[in-house]
Amino acid sequence: MIKRIGFACKWIDGPSQINGIKQKDNCKQYNTGSTTVAWLNRQTKEVAEQKLWDLMVGNIESTRKLVEKVGALDENLRMVRLSSDILPVYTESTWSWFWRLSNTRDYCERGFKQIGDVARSNNVRLSFHPGQFTVLASDSPDIVNRSIEEFEYHADMARWMGYGQKFQDFKINVHIAGRQGPEGIRAAYKRLTPEARNCITIENEENAWGLDDCLTISDVVPIVMDIHHHWVREGAYIAPEDDRVKRVIESWRGVRPTMHYSVSREDVLVGHCTETASDYKALLEAGYKKAKLRAHSNFYWNRPVNEWALSFRDNFDIMCESKAKNLASHALYQEALSLGL
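These figures come from a predicted structure and were not determined experimentally.

K.L.:
Even after reading the chapter, I still don't get the nonpolar core, so can you show me in this structure?
P.N.:
Buried together is how nonpolar side chains tend to be arranged in soluble globular proteins. Counting residues in each nonpolar core, the largest one holds 98 residues, and the members touching the most others are Leu87, Phe112, Leu126 and Ile202. Of all the elements, helix H4 (residues 141–160) adds the most residues to this core, at 8 residues. Here Leu87 is in contact with Met56, Trp99, Cys108, Phe112, Tyr153, Met157 and Trp160, once residues within four sequence places are set aside.

K.L.:
I keep staring at the pairing of strand E8 (residues 317–320) and nothing clicks. Help me out?
P.N.:
Two faces, one strand: in a regular strand the side chains alternate between the faces of the sheet. Side chains Asp317 and Met319 project from E8 onto one buried face, and the interleaved Ile318 and Cys320 project onto a second face that is buried too. Here strand E7 (residues 258–261) runs beside E8; their pairing, made up of 4 bridges, is parallel. Within the sheet, the bridge partner assigned to His260 lies in E8 and is Met319.

K.L.:
Explain the packing of aromatic side chains here, please?
P.N.:
The description of an aromatic ring pair rests on the distance of the ring centres and on the angle between the ring planes. Scanning all chains against the criterion turns up 17 aromatic pairs. When the ring of Phe112 is compared with that of Trp160, the centres are 5.7 Å apart and the planes differ by 35°; the resulting orientation is tilted. Placement of Phe112 in helix H3 (residues 102–121) and of Trp160 in helix H4 is noted, with a sequence separation of 48 residues between them. Its relative accessible area of 0% is what places Phe112 among the buried residues. Above the plane of the ring of Tyr189 lies Arg197, whose end atom (NZ or CZ) is 5.2 Å from the centre.

Calculation notes
- Residues numbered from 1 in each chain as written.
- Predicted model: local features only at pLDDT ≥ 70, side-chain atom pairs only at ≥ 80, totals over all residues.
- Heavy atoms only, no water.
- Core = buried A, V, L, I, M, F, W, Y, C linked by side-chain atoms within 4.5 Å.
- Buried < 20%, exposed > 50% of the residue type's maximum accessible area, 1.4 Å probe, protein only.
- Helix = DSSP H or I, 4+ residues; strand = E, 2+ residues; numbered from the N terminus.
- Contact = heavy atoms within 4.5 Å.
- Pairing = 2+ DSSP bridges.
- Phe/Tyr/Trp six-rings, centres within 6.5 Å; stacked < 30°, edge-to-face > 60°.
- Lys NZ or Arg CZ within 6 Å of the ring centre and 35° of its normal.

Okay, here's the thing in structure tokens:
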């Protein structure tokens, strides 16, 4: 059985690149570039349009190279979340016209098809995670409309790669965020394109809407269980045998589920024993703030917490959410091998 452990968005060659990749770094070729609306607005139309074209070409090429690199890894490491900024300002109202140009869309269709072909030929599992401002369950109709537009941007990229044709051939994951909660997700789901519906997953968050809330819509969408979010919200380590975990698995309807794993930052829990699992309630009583405890670490520094996370591996692929990206996911995989998990 292939039991994947993946990483999110960026490839780095060493710890010094955790806080930024320099132009001269070799790993630059695997990572996307970006621009800002403010910069584009200061340029002539011709200069701005050329910048977006160059970013499109470069980012599609970088993404293809990244997927090729991941496809050459151990089969259990062939999993990566692609960056959301491959096509900058795609949904920004003053610049979205560029992405509707026929020559632009033709290039995207050809370029993304190559990415999808590489992923399928090398059995690489791909995903997207639209950002925190994609709030499908907002109580603001305008925010919901813009969130659906942003989600469909990701579905466009998946569609060009050849995905979205069947249930969960590609994962586009968002949090169950917004005051309307589960019912808001149900309402937004009905407005999505068929491809977007095939790709959408919903993740439990650490604040208003937890795992139990997500499970109320598991009849509609697969649930991505984030075990760190659950630890922060509930103050407990959920067990693989928990009935809720079984229900999460069932929500994927026979497709192997993905879960998310992160731990609190090393520079927050300074001096914490690496051989003792962190006790959330004790940490709060000791004066640690929830906002600090929810932030992601660079590496997976806590051995018993790693062993707990890896105990889910028979039933879940694990997406590592860590600042050290592939370095952290590869180290966690080596730990899994040493534990026989």
